[in-house]
Structure formats: structure tokens, C-alpha cells
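# Structure assessment
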Amino acid sequence: MRVTVLTGAGISAESGVPTFRGSDGLWEGHRVEEVATPEGYELQPDVVHGFYDARRAALHVVEPNPAHHALARLEEVLGEDLLVVTQNVDDLHERAGSQRVIHMHGELRSALCAYCGHRTRWVDGLGHRPPCPGCGARDLRPDVVWFGEVPYRMGEIRDALGATDLFVSVGTSGAVYPAADFVRHARRHGAHTLELNLDASAGAHLFADTRHGPASELVPAWVDELLRQHA
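Calculation notes
Residues numbered from 1 in each chain as written. Predicted model: local features only at pLDDT ≥ 70, side-chain atom pairs only at ≥ 80, totals over all residues. Heavy atoms only, no water. Core = buried A, V, L, I, M, F, W, Y, C linked by side-chain atoms within 4.5 Å. Buried < 20%, exposed > 50% of the residue type's maximum accessible area, 1.4 Å probe, protein only. Helix = DSSP H or I, 4+ residues; strand = E, 2+ residues; numbered from the N terminus. Contact = heavy atoms within 4.5 Å. Lys, Arg positive; Asp, Glu negative; His and termini not counted. Salt bridge = Lys/Arg side-chain N within 4 Å of Asp/Glu carboxyl O. Pairing = 2+ DSSP bridges. Axes fitted to C-alpha atoms, helices over the stretch in contact; angles between N-to-C directions. Phe/Tyr/Trp six-rings, centres within 6.5 Å; stacked < 30°, edge-to-face > 60°. Lys NZ or Arg CZ within 6 Å of the ring centre and 35° of its normal. Expected span 1.5 Å × (residues − 1). Polar contact = N/O pair within 3.5 Å; in protein donor to acceptor, adjacent residues only side chain to side chain.

Glancing now at the nonpolar core. Counting 23 residues, the largest nonpolar core has V5, V219 and W222 as its most contacted members. Counting residues per element, the ones that place at least two in this core are strand 1 (3-7), helix 5 (66-78), strand 2 (82-86), strand 7 (166-170), strand 8 (192-197) and helix 9 (215-230). Counting residues per element, this core draws most heavily on helix 9, which supplies seven residues. Ignoring sequence-local partners within four residues, the contact set of V5 consists of L71, L82, L83, V84, V85, V168, V170 and W222. Ranked by size, the runner-up nonpolar core spans 17 residues in total, among them V85, M154, L161 and F182.

So, in C-alpha cells, the structure goes:
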């Protein structure tokens with residue numbers, strides 16, 4: 001059985017990773033256009049670097065929760081038949097032990113050279129304009145997919161959705177595209193679909209099955225259920 005799991009901010013929120021977007025639509029007091037668009041970076045690079053440097057530093061004080069560990073446990077059994085696609089830019093899936101993870105929106109602990117396109121592992125700040133390890137240009141930016149940019153590895157994701165038997169969405173809003181359309185793609189190709197969310201997402205009606213509650217409870221219970229069926 002091939003399983004594709006999409007994870008969003010809800011799975012990491014229980015680890016203490018703030019979603020940053022408040023009820024007023026602001027990201028830590030900033031408009032989205034200021035810190036999450038190429039245009040915002042061009043206008044105020046210091047502000048953008050400060051925003052993401054703070055988020056990167058915050059990863060040091062959070063740990064994976066039972067939902068992350070449950071998905072890693074599922075991978076131990078399913079191997080290559082499980083793919084985790086995450087909208088999150090933290091590294092909690094990997095720290096829990098998952099290896100088959102696609103970060104469609106990039107990673108905080110990665111830097112992208114705006115000059116040569118080189119991507120490199122990065123754990124420190126970028127505000128002091130360090131040189132690119134690939135070309136030497138001092139043009140490193142956060143390796144995060146901003147609004148108006150194309151998410152990473154979309155071809156691989158679509159192939160996986162077209163071949164999967166079960167598509168599960170965990171902790172997502174169901175309102176951010178193209179991820180919000182993954183359930184439709186999977187359904188068109190015959191997959192069973194399941195939403196595990198604290199509350200019903202904007203796309204909950206598209207799923208064959210929905211379960212509501214904390215990810216740290218729902219995901220381990222679902223994994224146990226799936227493994228009993230797999231045994």
C-alpha cells in the first residue's frame with residue numbers, strides 16, 4: 001500500500017513552533033507582502049533576514065512531538081511506500097527519524113543563493129551577508145518558497161499523488177494552493193482520502209474521512225490502526 005501524507009502548520013504547532021500568521025493576518029507584526037514575497041525582500045532585505053533568522057534560531061528550542069515520531073515509525077514499516085510532503089519549513093520530521101520527506105516550501109535550515117541558485121545547509125543567521133559556498137557572492141537569502149514562487153519538487157509530488165492508495169492531510173488549513181488541491185488530484189486517481197485536523201479545514205468536504213483533534217493524538221492512533229491492517 002502506497003501512502004502519501006501532507007503535513008501543515010498544525011502538526012508543528014504542538015511542538016511549540018508558532019504559526020506566525022495571527023488572526024489579524026499579520027506575521028509577527030509584518031504584512032505578508034513584507035516578509036514572504038520576493039518584492040518584500042528586494043525592498044527590505046534586513047527586515048526579511050531578521051524575520052527568518054529569528055525563526056531559524058527558534059528551532060533550537062523545539063522538539064518533534066508524537067505525531068512526527070508516529071510518521072517516522074510508519075516509514076520504518078512501509079519504507080519507500082510512504083512519502084511525507086510538508087508545507088512546514090522546520091526540520092522536525094527529520095529529527096523524528098523520517099527520511100522520505102519533501103519540503104515543498106523550502107527549509108529554514110537552508111540558504112539559497114539568489115545569484116547562482118546554489119542551495120546549502122545553513123543553521124546560522126544570514127543578516128550579516130555571508131558568502132555563498134558555491135560562488136562566493138554575498139547574496140544568500142532564506143531558502144523558503146515565498147508567495148508568487150513555485151514550490152519545490154512539484155513533479156515528484158504529483159507523480160506520488162497519482163500513484164498513491166491513501167492520501168492523508170495532517171494539520172493543514174486547506175486554503176493554501178497548490179497543496180489544497182492535492183486531495184482532488186489523489187481522488188481523481190482512485191486514492192482513499194483522510195483528513196486529520198484540529199478543526200475542519202477549508203477543504204474538509206473533499207475528503208472521504210475526517211477526524212478532528214490534536215495531531216499528537218490523531219496521528220499515532222491512525223498509524224497504529226494502519227500498522228494493524230498491514231500486519
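Next comes the rest of the description.
So, on to the side chain of E107. Within the secondary structure layout, E107 lies in strand 4 (residues 106-113). R121 is the oppositely charged side chain nearest to the buried, salt-bridge-free E107, at an N-O distance of 4.1 Å. E107 has contacts with V89, R121, D143 and V144, leaving out every residue within four places of it along the chain.

With antiparallel pairing, the three strands of this open sheet are ordered in space as 5-4-6. Here the strands that pair on one side only, and so sit at the sheet edges, are strand 5 (119-121) and strand 6 (140-144). Direction aside, the axes of adjacent strands within the sheet are offset by 45° on average. Sheet topology note: the strand 4/strand 5 ladder contains three bridges and is antiparallel. In the sheet register, L112 faces strand 5, and the bridge partner there is R119.

Bringing the packing of aromatic side chains into the picture now. Counting across every chain of the model gives four aromatic pairs. Both rings, one in Y41 and one in W146, keep their centres 5.5 Å apart while their planes meet at 40°; by these two values the pair is tilted. Note that Y41 is positioned in helix 3 (residues 38-43) and W146 in the loop between strand 6 and helix 7 (154-163), a separation of 105 residues in sequence. When sorted by exposure, Y41 lands in the same class as W146, which is buried. When the ring of Y52 is compared with that of W146, the centres are 6.1 Å apart and the planes differ by 45°; the resulting orientation is tilted. One end of the pair, Y52, is in helix 4 (residues 45-58); the other, W146, is in the loop between strand 6 and helix 7, and 94 residues separate them in sequence. In textbook terms, an aromatic cluster arises when at least three aromatic residues are bridged by ring pairs, as seen for Y41, F51, Y52 and W146. Sitting above the plane of the Y152 ring, R119 keeps its charged end 3.8 Å from the centroid. Lying across the ring of W146, R141 places its NZ or CZ 3.7 Å from the centre.

A few words on helix 4. At 3.6 residues per turn, the α-helix brings residues three or four places apart onto the same side. Compared with an ideal rise of 1.5 Å per residue, which puts 14 residues at 20 Å, helix 4 spans 20 Å between its outermost C-alpha atoms and is within 8% of the ideal. Those residues of helix 4 lying buried are V48, H49, F51, Y52, D53, R55 and R56. On its buried face, helix 4 is in contact with helix 2 (32-35), helix 3, strand 4 and strand 6.

Next up on the list: helix 5. With 13 residues, helix 5 extends 18 Å between its outermost C-alpha atoms, agreeing within 8% with the 18 Å of an ideal straight helix rising 1.5 Å per residue. Of all the positions in helix 5, only A67, H68, A70, L71, A72, L74, E75 and L78 are classed as buried. Where helix 5 is buried, its residues meet strand 1, helix 1 (9-13), strand 2, helix 6 (92-96) and helix 9. Where helix 5 begins, the side chain of N65 points an oxygen toward the backbone nitrogen of A67, at a separation of 2.8 Å. Phi turns positive one or two residues past the end of helix 5, at G79, with a value near 60°.

Here the focus is the sheet that holds strand 9 (residues 209-212). In any sheet, the strands associate via hydrogen bonds between backbone groups, in a parallel or an antiparallel arrangement. A sheet is described by the order of its strands in space; here six strands give the open sequence 3-2-1-7-8-9, paired in parallel fashion. The two strands at the open ends of the sheet, each matched to only one other strand, are strand 3 (101-103) and strand 9. Across the sheet, the mean angle separating the axes of adjacent strands is 15° when strand polarity is ignored. In the sheet, strand 1 pairs with strand 2 via five bridges, with the strands oriented parallel. Note that in strand 2 the partner of V3 across the bridge is L82. Sheet strands in contact with helix 5 are strand 1 and strand 2, and its direction is about 150° off that of strand 2.

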